[in-house]
Amino acid sequence: TNEMVQHANGLKQVLTEFLAFCGDAKLVAHNAQFDIPWLLTSVIRHQLPLKASSICCTLKWAKTKEEGKRSLGALSKKYGIGHDSAHRALADAVVTKSLFLIYEKDADETPIEPLDRYMEMSHKIVKKHPNFLQP
């Protein structure tokens with residue numbers, strides 16, 4: 001709600017802190033095709049340095065494992081991961097991390113993609129909407 005973010009820091013400051021926290025670590029997302037372009041578009045618009053260069057998408061991983069239902073909610077139930085606040089950023093991040101660790105434990109290799117795969121889409125968005133800049 002507006003009240004929840006009324007006194008929050010601006011996007012540029014939060015992104016700067018987030019990128020410093022991530023460093024050059026691989027990013028993990030569930031449905032990277034949706035989330036990563038949002039992140040990259042904001043990074044481009046604010047002209048921030050991005051050290052991370054790879055991504056692991058747990059949704060794609062679930063597809064390769066032929067999981068029947070692939071939503072975070074369904075996978076959290078299947079693997080007994082608590083998910084009390086579905087669709088809230090922190091709760092979804094915790095479930096995604098747990099799912100990644102479960103998959104990684106039994107994997108021969110982790111499916112990693114270059115972050116650049118999503119960069120072209122983000123540059124197109126910025127080019128199409130150059131004046132859309134969030135504080």
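Everything below is about the structure printed above this text.
Predicted, not measured: the structure shown is a model, and the values here were computed from it.

A. Inspection of the sheet that holds strand 1 (residues 27-29) at higher detail. Spatially, the 3 strands line up as an open sheet ordered 1-2-3, and their pairing is mixed. Two strands lie at the open edges of the sheet, namely strand 1 and strand 3 (113-114), each paired on one side alone. Relative to strand 2 (residues 54-57), strand 1 is paired through 3 bridges, and the arrangement is parallel. The partner of Val 28 across the bridge, within strand 2, is Cys 56.

B. Quick peek at the nonpolar core. Residues Leu 27, Ala 32, Ile 36, Ile 55 and Leu 115 are the most contacted members of the largest nonpolar core, which totals 17 residues. Among the secondary structure elements, those contributing two or more residues to this core are helix 2 (11-22), strand 1, helix 3 (32-45) and strand 2. When residues in this core are grouped by element, the largest group, 5 residues, is from helix 3. Sequence-distant contacts of Ile 36, that is, excluding residues within four places in its chain, are made with Leu 27, Ile 55, Leu 115 and Tyr 118. Core analysis: the next-biggest nonpolar cluster, separate from the first, contains 10 residues, Trp 61, Val 95, Leu 99 and Phe 100 among them.

C. Inspection of the packing of helix 3 against helix 7 (residues 116-128) at higher detail. Following both chains from N to C, one finds helix 3 and helix 7 inclined at 55 degrees, their axes separated by 8 Å at the closest point. Classified by the interaxial angle, the pair formed by helix 3 and helix 7 is oblique. Helix 7 is crossed by helix 3, and the crossing has right-handed handedness. Across the interface between the two elements, Ala 32, Gln 33, Ile 36, Pro 37, Leu 40, Thr 41, Ile 44 and Arg 45 from helix 3 touch Tyr 118, Met 119, Met 121, Ser 122, His 123, Ile 125 and Val 126 from helix 7.

Definitions and cut-offs
- Residues numbered from 1 in each chain as written.
- Predicted model: local features only at pLDDT ≥ 70, side-chain atom pairs only at ≥ 80, totals over all residues.
- Heavy atoms only, no water.
- Pairing = 2+ DSSP bridges.
- Helix = DSSP H or I, 4+ residues; strand = E, 2+ residues; numbered from the N terminus.
- Core = buried A, V, L, I, M, F, W, Y, C linked by side-chain atoms within 4.5 Å.
- Buried < 20%, exposed > 50% of the residue type's maximum accessible area, 1.4 Å probe, protein only.
- Contact = heavy atoms within 4.5 Å.
- Axes fitted to C-alpha atoms, helices over the stretch in contact; angles between N-to-C directions.
- Parallel < 35°, antiparallel > 145°, perpendicular 65-115°, else oblique.
- Left-handed = near helix turned anticlockwise from the far one by under 90°.

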